[in-house]
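# What the coordinates show
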Amino acid sequence: VTDIWVYAYRSGAWVQIPFQLDQKDASGNYFVADSDPTFDSNDELVWMAKDMGDQVTNDVWPSDLASQGFTRYEVQVANSLDATKKSWAYAYRSNTLTKTFTADYAAYTHGTTDSLVTEGYTLGYDSSGQLVTTRINSSGGGNDVDILDRQKVRVTVKVLFLSFNYTENDFPGTTEALVVGAVRVLTKRSVNGPTGPATSYSAYYSHEAIGLSATDIVSGITFLRGSADLNNAAVGMHMYDDYNAAGALIDGNPDGGLITTAPSYVVASGTPGTLIAIGDITGVGGTSSLYYKDNGSFDSGDTGDGRSFG
């Protein structure tokens, strides 16, 4: 895998673009050593579409002689909304090429508190593994201000005839393993809570963070809410989703008239930048709905700063 390189052809010249090759074992695990040291069928060669370039004819190659002795692979990407917009990248094999790109799109610091900094955003976790900081960096179109109070969870579990209520404070998490490359950071986190242990996987890119696996919900749970509670720096942003086109102004004042059908996406946008949450809850069962609360009044029974913004 150390002989694989990715180039784009731009302005009449070859440019080595940031890439990483993430190997997985036979079961698809990123975080254990792959017994096959070659680039096999489930390994992933990753780069950003924004770094791709022009298409070349078969006679246009880099000057590196070693790469000319192997097959190269041309990868074409097209805009799904406009197929005329296309870009190309080329994967080469060579044992004489060396790394020349310097960009690093995602950097992760692991310690008592974890943090992640990318071109587009900054995330921060407290010592319990709770997400408590989200900044959209100026380079990502934001204003570098932390707009997140914390990520919140509410769970009710019924055991026999008794119900028990929990918050995110009852589910401390730790980062167990990391894959850090020039293009993305992959994390494996373990969470220990009263409903049992769970493992989550996430991928962080320059402008997006995504979950790599669904969350397991144990059968004893009768109520589950997940939300991202913003702070007063988010006042002036606007929330909308696929059922609320007009949405609501985030101002700390309660809103009425919102359609509470569970959405497939929710957007909060304004001067601090834009946050987009997407999800698929099909197959969960029970009754689902939108949870939205905008109320800046202090609630002593709440977590975090005790206030709800968007």
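### A look at the overall build of the chain
- Counting its secondary structure elements, the chain contains zero helices and 21 strands.
- Projecting the C-alpha coordinates of the chain onto the three principal axes gives extents of approximately 70 × 40 × 35 Å.
- Put simply, the chain has 310 residues, and 39% of those count as buried.
- Restricting to contacts in the chain with at least 6 residues of sequence separation, those with at least 24 account for 51%.
- Of the roughly 17,000 Å² of accessible surface on the chain, a fraction of 52% belongs to carbon and sulfur atoms.
- Averaging the positions of the 19 positive and the 36 negative side-chain charges in the chain gives two centres separated by 1 Å.

### So, the pattern of salt bridges
- Taken as a whole, this structure holds 11 salt bridges when the rule is applied.
- A salt bridge links Arg 184 to Glu 44; its shortest N-O distance comes to 2.7 Å. With Arg 184 in the loop between β13 (173–180) and β14 (185–193) and Glu 44 in strand β4 (residues 44–47), this residue pair connects regions lying 140 residues apart in the sequence.
- Taken together, the shared-partner salt bridges in this structure form one network comprising Asp 126, Arg 150, Lys 152, Arg 154, Glu 168, Asp 229 and Asp 302.

### Overview of the sheet that holds strand β7 (residues 106–109)
- Strand order in the open sheet formed by four strands is β7-β8-β9-β10, and the pairing between neighbours is antiparallel. A strand with exactly one partner marks an edge of an open sheet, and here the two such strands are β7 and β10 (131–136). Shown here is a sheet whose adjacent strand axes are inclined to one another by a mean of 10 degrees, direction ignored.

### Quick look at the side chain of Gln 20
- Turning to its location among the elements, Gln 20 is positioned in strand β3 (residues 19–22).
- For Gln 20, a relative accessible area of 7% translates into the label buried.
- The residues touching Gln 20, leaving out its near neighbours within four places in the chain, are Glu 44, Leu 45, Val 46, Val 179, Gly 181, Ala 182, Val 183 and Arg 184.

### As for the environment of Gly 279
- Note that Gly 279 resides in the segment after β21 (273–278).
- A residue is classified by how much of its surface remains accessible, and Gly 279, at 45% relative accessible area, is partly exposed.
- Taking the C-alpha atoms as reference points, Gly 279 and Ser 63, separated by 216 residues in sequence, lie 46 Å from one another.

### A closer look at unusual backbone geometry
- Phi at Ser 11 is positive, roughly 55 degrees, even though this residue is not glycine.
- Relative to the helices and strands, Ser 11 is located in the loop between β1 (4–10) and β2 (13–16).
- Accessibility expressed as a relative area gives 78% for Ser 11, which makes it exposed.
- Positive phi, normally seen in glycine, also occurs at Leu 160, with a value near 55 degrees.
- Within the secondary structure, Leu 160 sits in the loop between β11 (148–159) and β12 (162–167).
- Residue Leu 160 is classed as exposed on the basis of its relative accessible area of 71%.

### So, the pairing of β7
- What you see with β7 is a clean split: Ala 106 and Tyr 108 sit on the buried side and Ala 107 and Thr 109 on the side with no burial.
- Taken together, the four bridges between β7 and strand β8 (residues 115–118) define a ladder with antiparallel strand orientation. For Tyr 108, the partnering residue across the bridge sits in β8 and is Leu 116.
- Connecting the antiparallel pair β7 and β8 is a turn made up of five residues.

### Focus: the pairing of strand β19 (residues 244–249)
- Summarising the sheet, strand β18 (residues 238–241) and β19 pair through three bridges and their orientation is antiparallel. For His 238, the partnering residue across the bridge sits in β19 and is Leu 249.

### Some thoughts on the sheet that holds β11
- Reading across from one edge, β12-β11-β17 is the order of the three strands in this open sheet, with antiparallel pairing throughout. Across the chains shown, the open sheet's two edge strands, defined by having one partner strand only, are β12 and β17 (221–230). Each neighbouring strand pair of the sheet contributes to a mean axis angle of 10 degrees, computed without reference to strand direction.
- Of the pairings in the sheet, the one linking β11 to β12 comprises six bridges and is antiparallel in character. Each bridged residue has a counterpart across the sheet, and for Lys 158 the counterpart in β12 is Ser 163.

### Observations concerning the packing of aromatic side chains
- Going through the model one piece at a time under the given rule, you end up with 10 aromatic pairs.
- With a centroid separation of 6.0 Å and an interplanar angle of 80 degrees, the aromatic rings of Tyr 7 and Tyr 92 are classed as edge-to-face. Residue Tyr 7 is located in strand β1, and its partner Tyr 92 is located in strand β6 (residues 82–93); the two are separated by 85 residues in the primary sequence. Here the two residues Tyr 7 and Tyr 92 agree in accessibility, since each one is buried.
- Geometrically, the ring pair formed by Tyr 30 and Phe 31 is edge-to-face, given 6.2 Å between the ring centres and 70 degrees between the ring planes.
- Under the relative-accessibility criterion, Phe 31 is labelled buried at 19%.
- In textbook terms, an aromatic cluster arises when at least three aromatic residues are bridged by ring pairs, as seen for Tyr 7, Tyr 9, Trp 14, Trp 61, Tyr 90 and Tyr 92.
- Directly above the aromatic system of Tyr 105 lies the positively charged group of Lys 50, at a separation of 4.5 Å from the ring centroid.
- The residue whose ring lies beneath Arg 72 is Trp 61, and the NZ or CZ to ring-centre distance is 4.4 Å.

Calculation rules
Residues numbered from 1 in each chain as written. Predicted model: local features only at pLDDT ≥ 70, side-chain atom pairs only at ≥ 80, totals over all residues. Heavy atoms only, no water. Helix = DSSP H or I, 4+ residues; strand = E, 2+ residues; numbered from the N terminus. Buried < 20%, exposed > 50% of the residue type's maximum accessible area, 1.4 Å probe, protein only. Contact = heavy atoms within 4.5 Å. Areas by Shrake-Rupley, 256 points an atom, 1.4 Å probe, with all protein chains shown as cover. Lys, Arg positive; Asp, Glu negative; His and termini not counted. Charge placed at Lys NZ, Arg CZ, Asp CG, Glu CD. Salt bridge = Lys/Arg side-chain N within 4 Å of Asp/Glu carboxyl O. Pairing = 2+ DSSP bridges. Axes fitted to C-alpha atoms, helices over the stretch in contact; angles between N-to-C directions. Phe/Tyr/Trp six-rings, centres within 6.5 Å; stacked < 30°, edge-to-face > 60°. Lys NZ or Arg CZ within 6 Å of the ring centre and 35° of its normal.

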